[in-house]
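Residues per chain, in single letters:
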Amino acid sequence: MKRTFITIINLVFINICVIAQSHKTAPVSALDKKVDALIAKMTLEEKVGQMTEVTLDVVSKSNTSPHQLDADKLKEAIMKYHVGSILNVSGFAYDRKHWYEVISDIQKAADQDRLKIPVIYGIDAIHGVTYTLGSTLFPQEIAMAATFNRDIAQKAGEITAYETRASYIPWNYSPVLDLGKSPLWPRIYETFGEDPYLVKTMGASIIKGYQGNDVGDKYHVAACMKHYLGYSYPLSGKDRTPAWIPDRYMREYFLPPFAEAVKAGAKTLMINSGEINGVPIHASKYMLTDVLRGELHFTGVVVTDWRDIQYLHDRHHIAATQKDAVMIAVNAGVDMSMVPYDYTFYTYLVELAKEGKVPMSRINEAVHRILKVKYEVGLFERPVGNPDDYPKFGSNEFRNVSLQAATEAITLLKNNNNILPLKKNMKVLVTGPTANTMRSLDGGWSYNWQGDLSDKLAVGKNTILKAIEQKIGKENVTYRPGSAYDSVLNIEETISAAKNADVIVLCLGELSYTENVGNIDDLSLPAAQTQLALELAKTGKPVILVLAEGRPRIVTEAESHSAATLMTYLSGNEGGDALANILFGDANPSGKLPVTYPRYTNSLNNYYRKNLENGNPDDKHGYNPLYEFGYGLSYTSFGYSNLRISKPDLKDGESLTVTVDVKNTGQLEGKESVLLYTSQLYASISPDFKRLRAYDKITLKPGEVKTVTFKITPTDLAFVNDVNKTVTEGGEFKILIGDQVVNFKYINSLVPSRTGRL
Ligand code: BGC
């Protein structure tokens, strides 16, 4: 008890120092002065209200369908608690008209309060505006990453922002910048994959799309990078279970995407719900203040994740009471609490401030950031948008961008004897649990939290089956489900249907899920799906295996019998059409894996493994994935040649120009993602086997050659050393692009090689 007390005193003291420090250095703009003038008029209660976020259910009539706001509850939220923010959807997606009514009523209520501060509404528009009917739903982030196309990520961000504003909402809880390192984790599909550079570059691009040049105009929204930091790598793979991540690894792999997002101007940040090395991040002043503010210089709003202050007491047991939990979290650096079901945060924080246990400076700082974002997104001038300003909502123009993203994401992993593309006059059996459901295209966060209503609400969108039927005519297609997610269905009937088909399109994988609902005890696909694959293989008919899944489930046995394999990830509302275009040759695949596809359940290494993980030459248990990160085929072929560097040695302050020629050596136009890896041969910390440092996507006509140019600087080669410093040590490096390799030396006069080689 005594120890806790001393720690708390320390926390308060350190916080005061840090706040004083940050106030000293932060530049004061005209907007800051305007915000401070407003803060000067506010009571403690009004300030704490701004820091309080509740879910829409709190101000809605319960159990009414369709959803209805409750005027009394809304009045209580605004007039009594001065609530600054409301989030989410009650039930499932609404049409634009209903959102207009909801947001207008909320802002009218806010206008009745003494200071008339508008409410900031937030939503998870994580792959398009997920909770508005008729919106454009894009591939989930994992699929977006497979495109290796930053421009399309940015475009998707712009469209999502447009459609979120068309739903009168200015704040988007996206992008997820967690590192998709663990295929077990049920939210890996919400990430841009396993590589820090890919996550960082895709993340920054989508943020630019969300926020544009002016986050306050009627087409852009404030981004919320999440979940800071280390959420994605729990030891067990299960959501919100403990992680063990040393600080060095945190900085090397998990932090760079957030640092880049701060540079890209992301306005807000959401905290990781988990605990790392026993420290819940919501209680970590080190992470929320020292690193985030002190090192990354983030100046925006920090919001908790769902109920996470309460969980400091209920789940993590680091706060003896709910009130202590509020004190610890706010003193650590939380600006806004996603409470979200009650007003306890408000009540406790008012008391804590009066008792001097949370300094007023900390509250003022948080409120300053919140009000500043409200001004920046234009809420004071335009608390609700104008319904007529969004003629492109759900348009064909937007749909085509989603279709292009899905087409560029779908990854061809095997194509024995060029069985693909198929001929349109073939007789096709379509089967498997993911063949005729939008849930396996859209995934979670689609129309509702778990995405289980997509079949009803993705109106007019094609499942894989429907898209194939449209492409080659119903008369050429037979459908038998063959299996549900984890139990076989009429397998004999499916096998006899296979006998009359020229080819089988077998769609395996997963349905929709997110968060703890998606936890699994076994990465293998359910036995029923493997059984279906094995029975179909016995028919001798060629099997085109389609993997529609949010994470790379182990499919090794089933896949060994396929003639071709395609990974569709969760490719969104247009994923069925994109796949049908690829299967029948109306589009050429160009996706590459943004994660390692494991072969075995107990071998879950990432591609940027250590040399030790490669095993010995005679060791059968070394690195041996089913498909490597960055792998993906095309219907054409590409040849790499002439990898050149501008000089043999790189010195401090210089850059190296790297060029490579890429030729389309096949018969069809195609797109190729050109990936540049580097590998340091020896370093003071065991170097990663290789690391992605740059990429570009090009289009080549048959026979065409393009020279692709990259620039590498010493900073690109840096790593976090044994004393947690980011350094680039001198030494010998390799550059790897396609099958080309070139070596160079980095000569660093300040940080000489600690390996004694240079
Ligand atoms: C998720 C967040 C999400 C929030 C609000 C939480 O359960 O972890 O990613 O933004 O809910 O819906």
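Calculation notes
Residues numbered from 1 in each chain as written. Predicted model: local features only at pLDDT ≥ 70, side-chain atom pairs only at ≥ 80, totals over all residues. Heavy atoms only, no water. Helix = DSSP H or I, 4+ residues; strand = E, 2+ residues; numbered from the N terminus. Buried < 20%, exposed > 50% of the residue type's maximum accessible area, 1.4 Å probe, protein only. Contact = heavy atoms within 4.5 Å. Areas by Shrake-Rupley, 256 points an atom, 1.4 Å probe, with all protein chains shown as cover. Pairing = 2+ DSSP bridges. Axes fitted to C-alpha atoms, helices over the stretch in contact; angles between N-to-C directions. Near = heavy atom within 4 Å. Polar contact = N/O pair within 3.5 Å; in protein donor to acceptor, adjacent residues only side chain to side chain. Nonpolar A, V, L, I, M, F, W, Y, C, P; charged D, E, K, R; others polar. Core = buried A, V, L, I, M, F, W, Y, C linked by side-chain atoms within 4.5 Å. Lys, Arg positive; Asp, Glu negative; His and termini not counted. Salt bridge = Lys/Arg side-chain N within 4 Å of Asp/Glu carboxyl O. Arc of directions from axis to C-beta. pLDDT = per-residue confidence, 0-100. Domains from an automatic or database assignment. Buried area = accessible area lost by both parts, 1.4 Å probe. Parallel < 35°, antiparallel > 145°, perpendicular 65-115°, else oblique. Left-handed = near helix turned anticlockwise from the far one by under 90°. Phe/Tyr/Trp six-rings, centres within 6.5 Å; stacked < 30°, edge-to-face > 60°. Lys NZ or Arg CZ within 6 Å of the ring centre and 35° of its normal.

1. What about the overall build of the chain?
The helix and strand inventory of the chain stands at 23 helices and 26 strands. If one aligns the C-alpha atoms of the chain with their principal axes, the spans along those axes are about 75 × 70 × 50 Å. Expressed as a percentage of the 758 residues in the chain, the buried residues total 61%. Intrachain contacts of the chain at a sequence separation of at least 6 include 79% that bridge at least 24 residues. If you sum the accessible surface of the chain, you get close to 28500 Å²; carbon and sulfur atoms cover 51% of it.

2. Points about the sheet that holds strand S19 (residues 656-664)
Strand order across the open sheet formed by three strands is S17-S19-S22, with antiparallel pairing between neighbours. One side of each edge strand has no neighbouring strand; the edge strands of this open sheet are strand S17 (638-645) and strand S22 (705-712). Pairs of neighbouring strands in the sheet enclose a mean axial angle of 20°, with direction left out of account. Sheet analysis places S17 next to S19, joined by six bridges and oriented antiparallel.

3. As for the site of the ligand
Neighbouring residues of the ligand: 13 residues in total, closest Asp124, Arg187, His227, Asp305 and Glu515. Taking His227, its side chain carries an N or O atom lying 2.7 Å from an oxygen atom of the ligand. Here an oxygen atom of the ligand and a side-chain polar atom of Asp305 are 2.6 Å apart. For the ligand, the accessible surface in isolation is 310 Å², of which the surrounding protein chains cover 95%. Of the residues assigned to the shell around the ligand, the class counts are six nonpolar, one polar and six charged.

4. Digging into the nonpolar core
In this structure, Ile86, Trp99, Tyr228, Leu692, Ile735 and Ile737 are the most contacted members of the largest nonpolar core, which totals 201 residues. Look past the residues within four positions of Ile735 in its chain and what remains in contact with it is Leu643, Ile645, Leu656, Val658, Leu676, Tyr677, Thr678, Gln740, Val741, Val742 and Phe744. Judged by nonpolar contacts, the second largest core, of 37 residues, contains Leu403, Ala406, Ile464 and Leu465.

5. Thoughts on the side chain of Asp308
The topology assignment puts Asp308 in helix H12 (residues 308-314). In this structure Asp308 is buried but unpaired, with Arg240 as the nearest side chain of opposite charge at 4.8 Å. The residues touching Asp308, leaving out its near neighbours within four places in the chain, are Ser273 and His282.

6. As for the sheet that holds strand S6 (residues 268-271)
A sheet is described by the order of its strands in space; here eight strands give the open sequence S9-S6-S5-S4-S3-S2-S1-S10, paired in parallel fashion. Two strands in the sheet have a free side with no partner beyond their single neighbour: strand S9 (301-303) and strand S10 (337-338). Examined bridge by bridge, strand S1 (residues 52-55) and strand S2 (residues 85-87) share three bridges and lie parallel to one another. Paired with Thr55 across the bridge in S2 is Leu87.

7. A few points about the pairing of strand S20 (residues 670-680)
Of all eleven residues making up S20, ten are buried, and the element is well covered by its neighbours. With nine bridges connecting them, S20 and strand S21 (residues 691-700) associate as antiparallel partners. Residue pairing across strands places Gly670 opposite Leu700, the latter belonging to S21. Here S20 runs beside strand S25 (residues 731-737); their pairing, made up of five bridges, is antiparallel. Across the sheet, Tyr677 pairs through a bridge with Leu736, a residue of S25.

8. A few points about the pattern of salt bridges
A side chain with one charge may pair with a side chain of the opposite charge, provided their charged atoms come close. Following the criterion strictly, the structure yields 48 salt bridges and no others. Ionic pairing is found between Glu260 and Lys263, a salt bridge with its closest N-O pair at 3.9 Å. A residue pair is termed a helical-turn pair when its members lie 3 or 4 positions apart in one helix, as Glu260 and Lys263 do in helix H10 (residues 256-263) at three residues. Taking relative accessible area as the criterion, Glu260 reaches 23% and is therefore assigned partly exposed. Classification of Lys263 as exposed rests on a relative accessible area of 69%.

9. Let's talk about helix H14 (residues 344-354)
For H14, the set of buried residues is Phe345, Tyr346, Leu349, Val350, Leu352 and Ala353. One face of H14 carries all of its buried residues, which in axial projection span an arc of 165°. Immediately downstream of H14, the backbone of Gly356 shows phi near 75°, a positive value.

10. Considerations on the confidence of the model for the chain
A residue-level look at the chain finds 95% of positions with pLDDT of 70 or above and a mean pLDDT of 95. Low pLDDT, under 50, characterises residues 1-24; the predicted model gives this stretch 18 contacts beyond four residues in sequence or across chains.

11. Details of the domain arrangement of the chain
The extent of an interface is frequently quoted as the accessible surface area lost upon association of the parts. Split into domains, the chain comes out as domain 1 (30-386), domain 2 (399-614) and domain 3 (638-747). Here domain 1 meets domain 2 over a buried area of about 3900 Å², counting both sides, of which 60% is carbon and sulfur. There are three salt bridges connecting domain 1 and domain 2. Its salt-bridge partner being Glu515, residue Arg240 comes within 2.6 Å of it at the nearest N-O pair. Summed over the shared surface of domain 1 and domain 2, the result is 27 residue pairs in polar contact (both at pLDDT 80 or more). Per element, the largest residue contribution to the side of domain 1 that touches domain 2 is five residues, and it comes from helix H6 (residues 141-146). Residue classes in the side of domain 1 that touches domain 2 are distributed as 28 nonpolar, ten polar and eleven charged.

12. Regarding the environment of Tyr168
Relative to the helices and strands, Tyr168 resides in the loop between helix H7 (150-165) and strand S4 (171-172). On the accessibility criterion, Tyr168 (5% relative accessible area) is buried. In the structure, Tyr168 is positioned 130 residues away from Phe298 in sequence and 27 Å away in space, judged by C-alpha atoms. With residues near it in sequence (within four places) discarded, Tyr168 still touches Arg96, Trp99, Tyr100, Ile103, Val384, Gly385, Asn386 and Pro387. Within the structure, the side chain of Tyr168 is placed 3.0 Å from the side chain of Arg96, a separation counted as a polar contact.

13. Notes on the packing of helix H9 (residues 247-254) against helix H11 (residues 285-295)
Contact geometry for H9 and H11: axes closest at 14 Å, N-to-C directions at 50°. Between H9 and H11, the interaxial angle falls into the category oblique. Considering how the two elements wind past one another, H9 and H11 form a crossing that is right-handed. Mapping the contact onto sequence places Asp247, Met250 and Arg251 in H9 and Tyr286, Met287, Val291 and Glu295 in H11. A breakdown of the residues in the contact of H9 with H11 according to their chemical character gives four nonpolar, no polar and three charged.

14. Focus on the packing of aromatic side chains
Throughout the structure, instances matching the rule amount to 26 aromatic pairs. Residues Tyr81 and Tyr343 carry aromatic rings whose centres are separated by 3.8 Å and whose planes lie at 5° to one another, so their mutual orientation is stacked. You can see Tyr81 sitting in the loop between helix H4 (71-80) and S2 and its partner Tyr343 sitting in the loop between S10 and H14, a full 262 residues away along the chain. With centroids separated by 4.9 Å and ring planes inclined at 65°, the aromatic side chains of Trp171 and Tyr173 adopt a geometry described as edge-to-face. Tyr173 shares its class with Trp171; the two are buried. Through a chain of ring-to-ring contacts, the aromatic side chains of Phe148, Tyr197, Tyr249, Tyr253, Tyr607, Tyr608, Phe629, Tyr677 and Tyr695 assemble into a single cluster. The ring of Tyr695 is capped by Arg150, whose NZ or CZ atom sits 4.1 Å from the centre of that ring. Over the ring of Tyr233 we find Lys181; its NZ or CZ atom is 4.9 Å from the centre of that ring.

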